[in-house]
Amino acid sequence: SLSFPKARTTITDKLCDAISTHYPDVEVIAGVATAGIPQGALIAERLGLPFIYVRSKAKNHGMTNLIEGKVQKGQKCVVIEDLISTGGSSLKAVSDLQNAEVEVIGMAAIFTYGFDVAKKNFEEANVSLVCLTDYPTMIDAAVEANYVKPEQLENLKKWSENPSQWG
(Lines give C-alpha, C1' and ligand atoms only; values in the text may rest on other atoms or scores of the structure.)
Protein backbone atom coordinates (compact mmCIF):
# COMPACT_ATOMS: atom_id res chain seq x y z
CA SER A 1 0.00 0.00 0.00
CA LEU A 2 2.88 2.42 0.63
CA SER A 3 3.79 2.44 -3.07
CA PHE A 4 0.34 3.68 -4.03
CA PRO A 5 -0.38 7.22 -2.78
CA LYS A 6 -4.20 7.03 -2.98
CA ALA A 7 -4.31 3.71 -1.10
CA ARG A 8 -1.69 4.93 1.39
CA THR A 9 -3.73 8.09 2.09
CA THR A 10 -6.98 6.15 2.48
CA ILE A 11 -5.40 3.68 4.90
CA THR A 12 -3.81 6.48 6.91
CA ASP A 13 -7.14 8.37 7.02
CA LYS A 14 -9.06 5.29 8.16
CA LEU A 15 -6.50 4.34 10.83
CA CYS A 16 -6.50 7.92 12.14
CA ASP A 17 -10.30 7.83 12.30
CA ALA A 18 -10.23 4.49 14.15
CA ILE A 19 -7.66 5.74 16.64
CA SER A 20 -9.56 8.99 17.26
CA THR A 21 -12.76 7.00 17.82
CA HIS A 22 -11.45 4.09 19.91
CA TYR A 23 -8.41 5.63 21.61
CA PRO A 24 -9.04 9.38 21.96
CA ASP A 25 -6.60 9.70 24.89
CA VAL A 26 -3.58 8.56 22.85
CA GLU A 27 -0.37 10.52 23.54
CA VAL A 28 2.16 8.62 21.43
CA ILE A 29 2.07 6.30 18.40
CA ALA A 30 4.33 3.24 18.27
CA GLY A 31 5.08 1.29 15.10
CA VAL A 32 5.98 -2.40 15.21
CA ALA A 33 9.15 -3.15 13.22
CA THR A 34 9.23 -3.24 10.38
CA ALA A 35 5.90 -2.95 8.58
CA GLY A 36 4.21 -0.88 11.29
CA ILE A 37 6.91 1.81 11.19
CA PRO A 38 6.02 3.71 8.00
CA GLN A 39 2.28 3.60 8.62
CA GLY A 40 2.80 4.56 12.25
CA ALA A 41 4.94 7.54 11.24
CA LEU A 42 2.26 8.72 8.80
CA ILE A 43 -0.42 8.41 11.49
CA ALA A 44 1.67 10.22 14.11
CA GLU A 45 2.32 13.04 11.64
CA ARG A 46 -1.36 13.34 10.75
CA LEU A 47 -2.46 13.31 14.42
CA GLY A 48 0.33 15.64 15.53
CA LEU A 49 1.67 13.08 18.00
CA PRO A 50 5.15 11.83 18.89
CA PHE A 51 6.29 8.63 17.16
CA ILE A 52 8.38 5.75 18.46
CA TYR A 53 9.00 2.26 17.18
CA VAL A 54 9.67 -1.12 18.70
CA ARG A 55 12.38 -3.37 17.31
CA SER A 56 11.86 -7.13 17.13
CA LYS A 57 15.13 -7.53 19.05
CA ALA A 58 17.57 -5.16 20.67
CA LYS A 59 20.36 -3.69 18.58
CA ASN A 60 23.66 -5.45 19.20
CA HIS A 61 25.59 -2.17 19.21
CA GLY A 62 25.25 1.34 20.58
CA MET A 63 22.51 1.78 23.16
CA THR A 64 21.02 -1.70 22.42
CA ASN A 65 17.53 -0.18 22.46
CA LEU A 66 14.36 -2.14 21.84
CA ILE A 67 12.34 1.07 21.69
CA GLU A 68 13.55 3.89 19.46
CA GLY A 69 12.40 7.44 20.10
CA LYS A 70 11.56 9.52 23.14
CA VAL A 71 8.89 8.02 25.33
CA GLN A 72 7.86 8.84 28.88
CA LYS A 73 6.73 6.45 31.58
CA GLY A 74 2.96 6.36 31.78
CA GLN A 75 2.40 7.80 28.30
CA LYS A 76 -0.75 6.48 26.65
CA CYS A 77 0.29 4.63 23.51
CA VAL A 78 -1.43 3.10 20.49
CA VAL A 79 0.58 0.47 18.66
CA ILE A 80 0.37 0.27 14.85
CA GLU A 81 0.74 -2.96 12.89
CA ASP A 82 0.08 -3.80 9.28
CA LEU A 83 -1.18 -7.38 9.55
CA ILE A 84 -2.32 -9.60 12.40
CA SER A 85 -1.97 -13.35 12.02
CA THR A 86 -1.35 -14.94 15.44
CA GLY A 87 -0.59 -11.64 17.17
CA GLY A 88 2.77 -12.91 18.42
CA SER A 89 5.08 -10.16 17.15
CA SER A 90 2.50 -7.46 17.86
CA LEU A 91 1.98 -8.57 21.44
CA LYS A 92 5.75 -8.86 21.99
CA ALA A 93 6.01 -5.17 21.04
CA VAL A 94 3.18 -4.40 23.49
CA SER A 95 5.02 -6.31 26.21
CA ASP A 96 8.27 -4.46 25.46
CA LEU A 97 6.45 -1.14 25.76
CA GLN A 98 4.77 -2.20 29.00
CA ASN A 99 8.17 -3.25 30.38
CA ALA A 100 9.28 0.34 29.68
CA GLU A 101 6.25 1.48 31.73
CA VAL A 102 4.37 2.81 28.71
CA GLU A 103 0.58 2.48 28.99
CA VAL A 104 -0.58 0.63 25.88
CA ILE A 105 -4.23 1.60 25.45
CA GLY A 106 -4.70 -0.40 22.26
CA MET A 107 -3.53 -1.50 18.86
CA ALA A 108 -4.68 -0.58 15.36
CA ALA A 109 -3.92 -2.66 12.28
CA ILE A 110 -4.77 -2.61 8.61
CA PHE A 111 -5.73 -6.28 8.29
CA THR A 112 -6.43 -9.36 10.38
CA TYR A 113 -6.93 -12.94 9.32
CA GLY A 114 -9.25 -13.27 12.31
CA PHE A 115 -7.62 -16.51 13.46
CA ASP A 116 -8.95 -17.86 16.75
CA VAL A 117 -5.39 -18.03 18.11
CA ALA A 118 -4.98 -14.27 17.60
CA LYS A 119 -8.30 -13.51 19.28
CA LYS A 120 -7.26 -15.67 22.22
CA ASN A 121 -3.78 -14.10 22.42
CA PHE A 122 -5.17 -10.55 22.43
CA GLU A 123 -7.79 -11.45 25.04
CA GLU A 124 -5.19 -13.10 27.29
CA ALA A 125 -2.91 -10.07 26.95
CA ASN A 126 -5.91 -7.77 27.63
CA VAL A 127 -5.08 -5.68 24.55
CA SER A 128 -7.80 -3.96 22.54
CA LEU A 129 -7.41 -4.42 18.78
CA VAL A 130 -9.08 -2.43 16.00
CA CYS A 131 -8.58 -3.52 12.38
CA LEU A 132 -9.69 -1.86 9.18
CA THR A 133 -10.52 -5.10 7.39
CA ASP A 134 -10.31 -8.86 7.65
CA TYR A 135 -9.97 -12.09 5.70
CA PRO A 136 -13.68 -12.71 5.01
CA THR A 137 -14.08 -9.16 3.66
CA MET A 138 -11.02 -9.60 1.46
CA ILE A 139 -12.36 -12.87 0.06
CA ASP A 140 -15.76 -11.31 -0.65
CA ALA A 141 -14.05 -8.45 -2.52
CA ALA A 142 -11.85 -10.92 -4.43
CA VAL A 143 -14.94 -12.88 -5.56
CA GLU A 144 -16.73 -9.69 -6.58
CA ALA A 145 -13.67 -8.58 -8.60
CA ASN A 146 -13.37 -12.06 -10.20
CA TYR A 147 -9.93 -12.69 -8.65
CA VAL A 148 -11.39 -15.74 -6.92
CA LYS A 149 -13.88 -18.12 -8.47
CA PRO A 150 -16.85 -19.26 -6.37
CA GLU A 151 -15.64 -22.87 -6.64
CA GLN A 152 -12.40 -21.87 -4.86
CA LEU A 153 -14.21 -20.58 -1.78
CA GLU A 154 -14.37 -23.92 0.04
CA ASN A 155 -10.57 -24.32 -0.06
CA LEU A 156 -10.04 -20.74 1.10
CA LYS A 157 -12.46 -21.32 3.99
CA LYS A 158 -10.70 -24.57 4.98
CA TRP A 159 -7.32 -22.83 4.90
CA SER A 160 -8.55 -20.01 7.16
CA GLU A 161 -9.93 -22.50 9.69
CA ASN A 162 -6.55 -24.16 10.24
CA PRO A 163 -3.70 -22.57 8.25
CA SER A 164 -0.91 -24.24 10.26
CA GLN A 165 -2.17 -27.67 9.19
CA TRP A 166 -2.87 -26.71 5.56
CA GLY A 167 -1.26 -28.72 2.77
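As the structure is a computational prediction, the values presented were derived from the model and not from experiment.

Section: the packing of helix H1 (residues 5-22) against helix H2 (residues 36-47)
Okay, step 1: One way to put it is that H1 packs onto H2 with a least axis distance of 10 Å and a crossing angle of 65 degrees. Considering how the two elements wind past one another, H1 and H2 form a crossing that is right-handed. Contacts between H1 and H2 involve Arg8, Thr9, Ile11, Thr12, Asp13, Leu15, Cys16, Ile19 and Ser20 on the former and, on the latter, Gln39, Leu42, Ile43, Arg46 and Leu47.
Okay, step 2: Looking at the contact of H1 with H2 residue by residue, the classes come out as 7 nonpolar, 4 polar and 3 charged.

Quick notes on the sheet that holds strand E1 (residues 28-32)
Where strands meet in a sheet, backbone hydrogen bonds hold them as pairs that are either parallel or antiparallel.
Okay, step 1: With mixed pairing, 6 strands are arranged side by side in an open sheet as E3-E2-E1-E4-E5-E6. The open sheet has two edge strands with one neighbour each: strand E3 (67-68) and strand E6 (129-134).
Okay, step 2: Strands in contact with helix H3 (residues 88-99) are E1, strand E2 (51-54), E3, strand E4 (76-84) and strand E5 (103-112); relative to E4, the strand with the most contacts, it is inclined by about 165 degrees.

Digging into the side chain of Gln39
Okay, step 1: Inspection of the secondary structure assignment puts Gln39 in helix H2.
Okay, step 2: At 2.6 Å, the side chain of Gln39 forms a polar contact with the side chain of Thr12.

Observations regarding the packing of aromatic side chains
Okay, step 1: Summed over the entire model, instances satisfying the criterion amount to 6 aromatic pairs.
Okay, step 2: Between the aromatic rings of Tyr113 and Tyr135, the centroid separation amounts to 6.0 Å while the plane-to-plane angle is 45 degrees, which identifies the pairing as tilted. Of this pair, Tyr113 sits in the loop between E5 and helix H4 (116-125) while Tyr135 sits in helix H5 (residues 135-144), placing them 22 residues apart in sequence.
Okay, step 3: By relative accessible area, which is 24% here, Tyr113 ends up partly exposed.
Okay, step 4: Since its relative accessible area comes to 7%, Tyr135 is described here as buried.
Okay, step 5: Ring centres of Tyr135 and Trp159 lie 5.4 Å apart, and the angle between their planes is 45 degrees; this geometry places the pair in the tilted category. Of this pair, Tyr135 sits in helix H5 while Trp159 sits in helix H6 (residues 153-161), and the two are 24 residues apart along the sequence.
Okay, step 6: Grouping aromatic residues by their ring pairs yields a cluster made of Phe111, Tyr113, Phe115, Tyr135 and Trp159.

What counts and how
- Residues numbered from 1 in each chain as written.
- Predicted model: local features only at pLDDT ≥ 70, side-chain atom pairs only at ≥ 80, totals over all residues.
- Heavy atoms only, no water.
- Axes fitted to C-alpha atoms, helices over the stretch in contact; angles between N-to-C directions.
- Helix = DSSP H or I, 4+ residues; strand = E, 2+ residues; numbered from the N terminus.
- Left-handed = near helix turned anticlockwise from the far one by under 90°.
- Contact = heavy atoms within 4.5 Å.
- Nonpolar A, V, L, I, M, F, W, Y, C, P; charged D, E, K, R; others polar.
- Pairing = 2+ DSSP bridges.
- Polar contact = N/O pair within 3.5 Å; in protein donor to acceptor, adjacent residues only side chain to side chain.
- Phe/Tyr/Trp six-rings, centres within 6.5 Å; stacked < 30°, edge-to-face > 60°.
- Buried < 20%, exposed > 50% of the residue type's maximum accessible area, 1.4 Å probe, protein only.

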